[in-house]
Amino acid sequence: MGEQPTRTESGTQLITLGKNPERIRDHNRRVVLDSVRQHGSLGRMQLARLTHLTAQAIANIVDELVCENLLMETGRLKSRRGQPPKQFAVNPDGAVTMGVEMASDHMVTTVLDLTGQPRSRHTMPVQDTSPAALSNLLRIEVDTVKAKFSAPLLGVGVVMPGPFDIEGMTSVGPTTLPGWSDVDAAALLSEACGETVTVENDANAAAVGERLFGAGHAISSFAMIYFGAGVGLGLIQDGVPFRGAFGNAGEIGHIVVAPNGKACACGQSGCLERYASLHVLREKLVLAGVMHTDFDDLQMLHDSRHPVLIEWMDEAALYLAPMIAMIENILDPETVILSGMLPDALIDGLIARMGQLPISVASRRSRALPRVVRGATGQYTAALGAAALPLFEAMTPKLDTLTD
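Parameters at a glance
Residues numbered from 1 in each chain as written. Predicted model: local features only at pLDDT ≥ 70, side-chain atom pairs only at ≥ 80, totals over all residues. Heavy atoms only, no water. UniProt positions renumbered as here; feature names shortened; annotations may be inferred. Pairing = 2+ DSSP bridges. Helix = DSSP H or I, 4+ residues; strand = E, 2+ residues; numbered from the N terminus. Phe/Tyr/Trp six-rings, centres within 6.5 Å; stacked < 30°, edge-to-face > 60°. Buried < 20%, exposed > 50% of the residue type's maximum accessible area, 1.4 Å probe, protein only. Salt bridge = Lys/Arg side-chain N within 4 Å of Asp/Glu carboxyl O.

- Per an unreviewed UniProt entry, the protein goes by ROK family protein and derives from Pseudochrobactrum kiredjianiae.
- Here the protein is described in UniProt, under the heading Sequence similarities (unreviewed entry), as follows: "Belongs to the ROK (NagC/XylR) family."

Structure representation (structure tokens):
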């Protein structure tokens, strides 16, 4: 029998149950770590009840995790009789993870502790995005993090704009990284920095960050429209990322939404990315003589209701609304989250402009969540998601990897 997820009383959060065979001990470690991460300080008996593991299995795993500094004892819980039970929590200083967002014009490095709290962030502009140049920058960043933090480095996550390895579409246009189409990015970057590097597209990584630390924390299945330079879709299904066979699930930026519309660098015409992306917004602003279009600049332009920005929001919302209905009809998520390199006010404006969304399978009266919500992890969501990838790997059970 395979692994069985159960729901908490709220009906929104999947709890993954542990398995007792010794051969899946690594999975059980993740079950224990995930339970403690979700619920805070817990005793051994509470963990046994939550995970359905035996008391002996829990005792062995907890002792092992304490020895590795991944869990720490937090004292004893007061009780009316008998010896008060020891409580355990994730040790924030047990390890750090590092995430790097490699975008078309900048690079962001984020370090998280084991509880997912940011410990440092570094942003730099990038002119040369070739494999050699970015590999060298990554090596420098990894060396800097190792020198700065005494805790062991649990892993390195790197995010890049997708799609990956698609003929005629990869490394084409201003929202991608030219020169990477025939490169094994994970192998190249791992060799360059001396650490195992996990590579993910930016939208999927952003969804992981939102799942662990943001609006998706208590949502087991959601879709996330991510605004990088382009626009992509990250998917969380039953608490874990859905990547597709080749890591390109959710590539909505090159879905044609306006037949015979604006030419796209991918060779098609009328792609969503040509209407609803940050890159297009910046193009329009530059043509109007607005040369400063960084994150803070966009906030000021919104506050002053700049006509070009308002026009872009109107047009973007026009094409995003039917796309959201399509996503709902195909994937049936609990909600669709909008997030990325746009200020909160712009995302709120987009959602407001969509108004009454087209009818879809999500058009139900008894909804626990709105059909569309704004994300909570902000402009650094992709870098946060990158740093969360090793954390996710170490601390989150995988529903699709176990069979008896």
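## Brief notes about the sheet that holds strand β14 (residues 336-340)
Part 1 of the argument: The strand order across the open sheet built from five strands is β13-β12-β11-β14-β15, with neighbouring strands paired in mixed fashion. In this open sheet, the two strands that pair with only one neighbour each are β13 (240-241) and β15 (372-374).
Part 2 of the argument: Pairing analysis gives five bridges linking strand β11 (residues 222-227) to β14, with the strands arranged parallel. Directly across from Y226, in β14, lies its bridge partner S339.

## Describing the packing of aromatic side chains
Part 1 of the argument: Scanning all chains against the criterion turns up one aromatic pair.
Part 2 of the argument: Taking the centre distance of 4.6 Å and the plane angle of 35 degrees together, the rings of Y275 and Y319 count as tilted. With Y275 in helix α7 (residues 273-276) and Y319 in helix α10 (residues 307-331), this pair connects stretches of sequence that are 44 residues apart. Here the two residues Y275 and Y319 agree in accessibility, since each one is buried.

## Side note on the pattern of salt bridges
Part 1 of the argument: A complete count under the given rule lists 19 salt bridges for this structure.
Part 2 of the argument: As a salt-bridge pair, K86 and E73 come within 4.0 Å of each other at their nearest N and O atoms. Taken as a pair, K86 in strand β5 (residues 86-90) and E73 in strand β4 (residues 71-76) lie far apart in primary sequence, 13 residues in all.
Part 3 of the argument: Owing to a relative accessible area of 30%, K86 belongs among the partly exposed residues under this scheme.
Part 4 of the argument: Notably, a salt bridge pairs K262 with E315, separated by 3.6 Å at the nearest N-O pair. Placement of the pair is K262 in the loop between β13 and α7 and E315 in helix α10, with a sequence separation of 53 residues.
Part 5 of the argument: When its relative accessible area of 28% is taken as the criterion, K262 is described as partly exposed.
Part 6 of the argument: On the basis of relative accessible area, E315 is assigned to the partly exposed category, the value being 22%.
Part 7 of the argument: Salt bridges linked by common partners bring R29, E64 and E68 together as one network.

## Some remarks on the sheet that holds strand β3 (residues 42-43)
Part 1 of the argument: The strand order across the open sheet formed by three strands is β3-β5-β4, and the pairing between neighbours is antiparallel. The two strands at the open ends of the sheet, each matched to only one other strand, are β3 and β4.

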